[in-house]
Amino acid sequence: MTAHQTIEAQQETLSGAEIVVRALLDQGVDTLFGYPGGAVLPIYDALFQEPKLKHVLVRHEQGATHAAEGYARSTGKPGVVLVTSGPGATNAVTGIVDALMDSIPMVVITGQVATHLIGTDAFQECDTIGITRPCTKHNYLVKDVADLPRIIHEAFHIATSGRPGPVVIDIPKDVQFAKGAYQGPTEVKHAHNYSPRTKGDPARIAEAAALLASARRPILYTGGGVINAGPRASELLRELAELTGAPVTSTLMGLGAFPASDSKWLGMVGMHGSFEANNAMHDCDVMIAVGSRFDDRVTGRLDAFAPTSRKVHIDIDASSIGKNVRADIGIVGDAGSVLEDLIAVWKQRNLATDKAAMAEWWRQIEEWRARDCFRYRQDGEFIKPQYAIERLYELTKDREVYVTTEVGQHQMWAAQFFHFQKPNRWMTSGGLGTMGYGLPAAVGVQIAHPDALVVDIAGDASVQMTMQEMSTAVQYGLPIKIFILNNEWMGMVRQWQQLLHGERYSHSYSASLPDFVKMAEAFGCVGIRAERADELDAKILEMINSDKPVIFDCRVTKEENCFPMIPSGKAHNEMIMAEEARDLGTIIDDAGKRLV
Amino acid sequence: MTDVQPASVYDLAHEDEPESLATYAVLVDNEPGVLHRLVGLFAARGYNIESLTVAETDRRAHTSRVTIVTRGTPQVLAQIEAQLQKMVSTRHVQDVTRDPNGLERELALVKVRGVGGDRVEALRVSDIFRARVIDTTAESFVFEVTGAPSKIDSFVELMRPLGLVEVSRTGVLSIQRGVEAL
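All values derive from a computational prediction rather than experimental measurement.

Details of the overall build of chain A
Next up, step 1: Looking only at helices and strands, one finds 24 helices and 20 strands in chain A.
Next up, step 2: Taken over the C-alpha trace, chain A has a radius of gyration of 25 Å; the compact-globule value for 596 residues is 25 Å, and the two agree within 12%.
Next up, step 3: The dimensions of chain A, computed from C-alpha atoms along their principal axes, are 70 × 65 × 45 Å.
Next up, step 4: The buried share of chain A, taken over its 596 residues, is 56%.
Next up, step 5: Sequence-distant contacts, at least 24 apart, represent 77% of the contacts inside chain A between residues at least 6 apart.

What to know about the interface of chain A and chain B
Next up, step 1: Listed as interface residues are 27 residues of chain A and, on the opposing side, 23 residues of chain B.
Next up, step 2: A breakdown of the residues in the side of chain A that touches chain B according to their chemical character gives 10 nonpolar, nine polar and eight charged.

Some details on the domain arrangement of chain A
All names here are of chain A.
Next up, step 1: What the domain assignment lists for chain A is domain 1 (11–181), domain 2 (202–369) and domain 3 (385–555).
Next up, step 2: At the interface, six residues of domain 1 touch six residues of domain 2.
Next up, step 3: A breakdown of the residues in the side of domain 1 that touches domain 2 according to their chemical character gives one nonpolar, three polar and two charged.

Topic: the UniProt feature "domain: Thiamine pyrophosphate enzyme N-terminal TPP-binding" (unreviewed entry) in chain A
Next up, step 1: Here the UniProt feature "domain: Thiamine pyrophosphate enzyme N-terminal TPP-binding" (unreviewed entry) sits at residues 15–129 of chain A.
Next up, step 2: Within the segment residues 15–129 of chain A, helix and strand shares are 44% and 18% respectively, and the terminal C-alpha atoms sit 23 Å apart.

Considering the packing of helix H9 (residues 202–213) of chain A against helix H14 (residues 335–348) of chain A
Residues and elements named next belong to chain A.
Next up, step 1: Axis separation between H9 and H14 bottoms out at 9 Å; the angle between their running directions is 60°. Looking at the two axes, H9 sits oblique to H14. Here H9 runs over H14; the crossing is right-handed. Counting all contacts with H9, which are made through Pro 202, Ile 205, Ala 206, Ala 208 and Ala 209, the residues of H14 involved are Val 338, Asp 341, Leu 342, Val 345 and Trp 346.
Next up, step 2: The class makeup of the residues in the contact of H9 with H14 is nine nonpolar, no polar and one charged.

Analysis parameters
Residues numbered from 1 in each chain as written. Chains lettered and ligands numbered in written order. Predicted model: local features only at pLDDT ≥ 70, side-chain atom pairs only at ≥ 80, totals over all residues. Helix = DSSP H or I, 4+ residues; strand = E, 2+ residues; numbered from the N terminus. Rg over C-alpha atoms; globule rule 2.2 N^0.38 Å. Buried ≥ 20, exposed ≤ 12 C-beta atoms within 10 Å, placed from the backbone. Contact = placed C-beta atoms within 7 Å. Nonpolar A, V, L, I, M, F, W, Y, C, P; charged D, E, K, R; others polar. Domains from an automatic or database assignment. UniProt positions renumbered as here; feature names shortened; annotations may be inferred. Axes fitted to C-alpha atoms, helices over the stretch in contact; angles between N-to-C directions. Parallel < 35°, antiparallel > 145°, perpendicular 65-115°, else oblique. Left-handed = near helix turned anticlockwise from the far one by under 90°.

Structure (structure tokens):
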């Protein structure tokens, strides 16, 4: 191509809508999740003429955002959403905040009323930029088609780099029609000074390595940041654990970064984490936090959190370091890059942990592990929820399986009883705790992995929040499996009311539940119900072997509680086990009850 | 069971540390909504804004300079600085208070009403503060005074018994001594 032709190509004139489609293709986008409406019709028109972009029509814009999250979380690529102005944008807000809290790369394109109508309370107008400003990593209102290529490419850069997050691009309808020149990702000049630091400070990494080598009771406390850093970071985490012999725990978001089958794996940390993980966190002398942010569900009582430890905090987001818990050594950087450098220092200096001290530490950990904190008894014909997940795990573990969840007891049981060997296999709403996340997220995962087994472990209350997306699954032939632990309650709400509110079950009973099997049939999917423990395996196999979307109504015992548990306002070494639960009302005092 | 009140993330572990004032100079991209972004950050995270000034300072570079005075414990101030740095629209953040070369100035317009001895005294005090008279009537003055916020505070307090009617302040502006730029 001659220089002259290049200039001509650059100056090719397209409509704003065509620029959007072209820019998405240049960003490597293959799928977007969306819902059309008046203010976004020009972009839909451009999509109609572009077969390379697959559009998944959801039934509610919240579903589009969660599906995009599922797609992003299971592939490492950004999720892309296209919705209209006004209600389209406001419906998308929950998923946008969800992505912000859980650091999911996402680009949301919203239609807007024409620029001359902005501010007139026009039909389906809302202040999308104002509403989403605190809900996004960054957002844009495009007032001039000349800015559009730059803004789209910049949005993808911002969404996917540093600490990933959602970016909203609000495009007025007249800008979608206006003609402008297209520029590719490498041709645009970014307007912002944004360049997140990915490489950690070598001096601090060396200091961290020395601290880790001096540890007698170390622990690696990892989070979603390891998964966001890509598969290589998970491999490096394994290597670091191998080199140091240190035990590994993780947040809810970090499950899968370290293989659950490894003997150094302690299980999840936090409120419903394992007894061994929480006690090891409490008693450790050196804590290496990698891509985890000391969330209140992890730390419990802050002034009693890991009181004898020195802490290294590795995070891509400088504002996460020292926010809730003081770090002795804070390292700003990408989890993968910092782990790589840390391992290099470890090897280069021939560092090692003290063998005798580590043996003693592991003896103590095994003692905690021997408590078998997730123990339960499946007796009688009724299905215990824990048993249901254990059987689901056993019957699916040898397949390519991806798990999403809703939010509540079933989510915690899934985290406790479903074990992951690889990253990107576990999609759950951690930060925002969005009931209704799992079903549309499963849609997004299945789109990205058509041949995999995708299971949404759900609750009867959560699943009703976004149930309409079953229709999406049917339309696109997505054989997602909605595995509902049906106890007829908002289980976690009921559990808290039982334990903390004098068994006053205020509005937490799921009255008038639909018949999920008939509902499945109405949607055109397969409905399966299991009511007895002895039929569970066969029914689960029937679900797995179906090539259609399935709603599985797994009737479980109604009043099972999720244990062990760190009661509100208590320390990690004050976990209560299932058998101690009866006294919980006296264990948690008034101040503890005020906490969420 | 102990009687100790449980602490939580809501009771910051460092809450017994003393609060102090801090001034940040923030260079931001001058684009629509950038002020809302910054103010929204403070509102959402419960940080105080004691004063805020903002104006475009470089038209060609599309940058505005925000000077924001806030208050908090050392931990909260560190969070504020990190959160300001994190905004995509931010170019630079400078902690003016902790910078030995940091200069802070504020301008105030002060209206004082009085006759006789009070009026003479007001004029005398304004002279000591090197304030300028920018408007006068037979029974009032409007003074323009600049200086560190504490100087403005003192000026206002001295004018109060002399017939202080109204005060308008710009909020703090800042710059660094020496040749370096933000």
